[in-house]
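# Notes for the structure review
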Amino acid sequence: MRLLHTSDWHLGRAFHRVNMLGAQAGFVGHLVETVREHAVDAVVVSGDVYDRAVPPLAAVELFDDALHRLAGLGVPTVMISGNHDSARRLGVGAGLIDRAGIHLRTDPAGCGTPVVLADAHGDVAFYGLPYLEPALVKAEFGVEKAGHEAVLAAAMDRVRADLATRARGTRSVVLAHAFVTGGEQSDSERDITVGGVAAVPSGVFDGVDYVALGHLHGCQTLTERVRYSGSPLPYSFSEHRHRKSMWLVDLGADGSVTAERIDCPVPRALARLRGTLEDLLADPELSPHEDAWVEATLTDPVRPDEPMARLTERFPHTLSLVFDPERAPDEPGVSYARRLADRSDQQIAEDFVTHVRGAGPDGHEQGVLRDAFDAVRADESVREVAR
């Protein structure tokens, strides 16, 4: 069976104020053409269809168009909700849409109930594990402590239990939206850290033939059977080295996996440039970036006059301008943002406690802070759904 694995469409998202809806529509067209050209048997979409719980109307219309075009091909599609989606909204009408061959899996309770498709070699069971917010689903899965590994392990127990009841030789595919150990993050993914831990080991998914992951925006192979497709379009400059693509996966009669990447069309290349303003304007080696979307970091010791206007004369698609004067790390004047770079909310809070009372939080206090941040994120998820 030939599968096309994609994820993280983020319909409705902009890129530094640039409307990406046209590029997203171009991707949908490319997806449909790829399905047709490569004789794909099933499409899997591993979450974050939308960029937010209440997407703009234009994004909903594009999703509707994608569903109609995929259904029109007669090729089954399995989708799950991600941490950016409202699972309940995305799942509205799932029962009716199911009849058209579009299988939306957004309810955690259905993790152990697969979509079963068949080819000449027998059945393939597709298990959809929507994004599982630990604090909201721990009761469903009967886990005592809310954590990504615990709830995913419980969900996979249901998958393996169902698979054990099926005919010998039934192959299996799991769709999941999670941060799995070994994956490389970018700046455009929403933090899903729980209890100070974000990642789960890939061994959680043992026992199935292929795991189609979503959440991380870079296309990655964790093992031959566990892969991220990545987002089809860039959504932050941290993705400037990404090759945007989908996985074309052939699942053999014996459950063996072979995969190749299918490139996605992107509207422009990304470039991260760093140096003094005069160097950026004069360096001939930067000519290949003149048509790219540019993030420029200026290292001038004193902020130059009209830097954006001057930059856009050479790089007309400059979207982000950062000032980072080259100073020693402990030199006065280092920006607050620079001092907080790469620090988590938990670390920032612990630094504040240290600053206020002269000593850092003990183990119990660290746990209280972690619980508070987890509660806030869970509350935000509930509020998004309720909007």
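Everything discussed here concerns the structure shown above.
In this convention, every chain numbers its residues from 1, walking through the sequence in written order. Local features in this predicted model are restricted to residues of pLDDT 70 or higher, and side-chain atom pairs are both shown and tallied only at a pLDDT of 80 or more, whereas totals for entire chains, interfaces and linings draw on every residue. Side-chain calculation: all heavy atoms of the structure are included, whereas hydrogens and water are not.

## A short note on the sheet that holds strand β6 (residues 102-105)
By this definition, two strands are paired if DSSP reports at least two bridges between them. What counts as a helix is a DSSP run of H or I of at least four residues, what counts as a strand is a run of E of at least two, and both are numbered from the N terminus. Spatial ordering of the open sheet is given by β6-β5-β4-β1-β13-β14, a layout of 6 strands whose pairing is mixed. Of all strands in the sheet, those bounded by a partner on one side alone are β6 and β14 (257-263). Ignoring strand direction, the axes of neighbouring strands in this sheet form an average angle of 20°. Here 4 bridges tie strand β4 (residues 42-46) to strand β5 (residues 77-80), and the two strands are oriented parallel to one another. Bridged to S46 within β5 is I80. Relative to strand β1 (residues 2-6), helix α1 (residues 21-37) is tilted by about 165°, and along the sheet it contacts β1, β4, β13 (245-251) and β14. Lines fitted to C-alpha atoms define the axes here, with helix axes fitted over just the stretch in contact, and angles between the N-to-C directions of these axes take values from 0 to 180 degrees. Pairs of residues are marked as contacts when any of their non-hydrogen atoms sit within 4.5 Å.

## Let's talk about helix α5 (residues 134-141)
Every buried residue of α5 is listed here: P134, V137 and F141. All buried residues of α5 lie within an arc of 85° about the axis, which places them on one face of the element. Buried positions along α5 lie against α6 (148-164). G142 sits one or two positions beyond α5 and adopts a positive phi of about 65°. Partly exposed describes any residue whose relative accessible area lies between the buried limit of under 20% and the exposed limit of over 50%, with all areas from a 1.4 Å probe on protein chains only and scaled to the type maximum. The arc refers to the directions leading from the helix axis to the C-beta atoms.

## Regarding the state of the cysteines
Cysteine sulfur atoms are paired as a disulfide whenever they fall within 2.5 Å. On inspection of all chains with the given rule, the structure shows 0 disulfides. C219 takes part in no disulfide bond, and the closest cysteine sulfur to it belongs to C264, at a distance of 9.0 Å. Since its relative accessible area comes to 17%, C219 is described here as buried. In this structure C264 comes out as buried when scored by relative accessible area, which is 9%.

## Some thoughts on the pairing of strand β11 (residues 220-223)
Examined bridge by bridge, β11 and strand β12 (residues 226-228) share 3 bridges and lie antiparallel to one another. Each bridged residue has a counterpart across the sheet, and for T223 the counterpart in β12 is V226. The antiparallel pairing of β11 with β12 creates a hairpin that spans 2 residues between the two strands.

## Section: the side chain of S81
One can find S81 in the loop between β5 and α3 (87-90). Setting aside chain neighbours within four positions, we find S81 in contact with G47, D48, A87, L90, R105, T106, P130, Y131 and H177.

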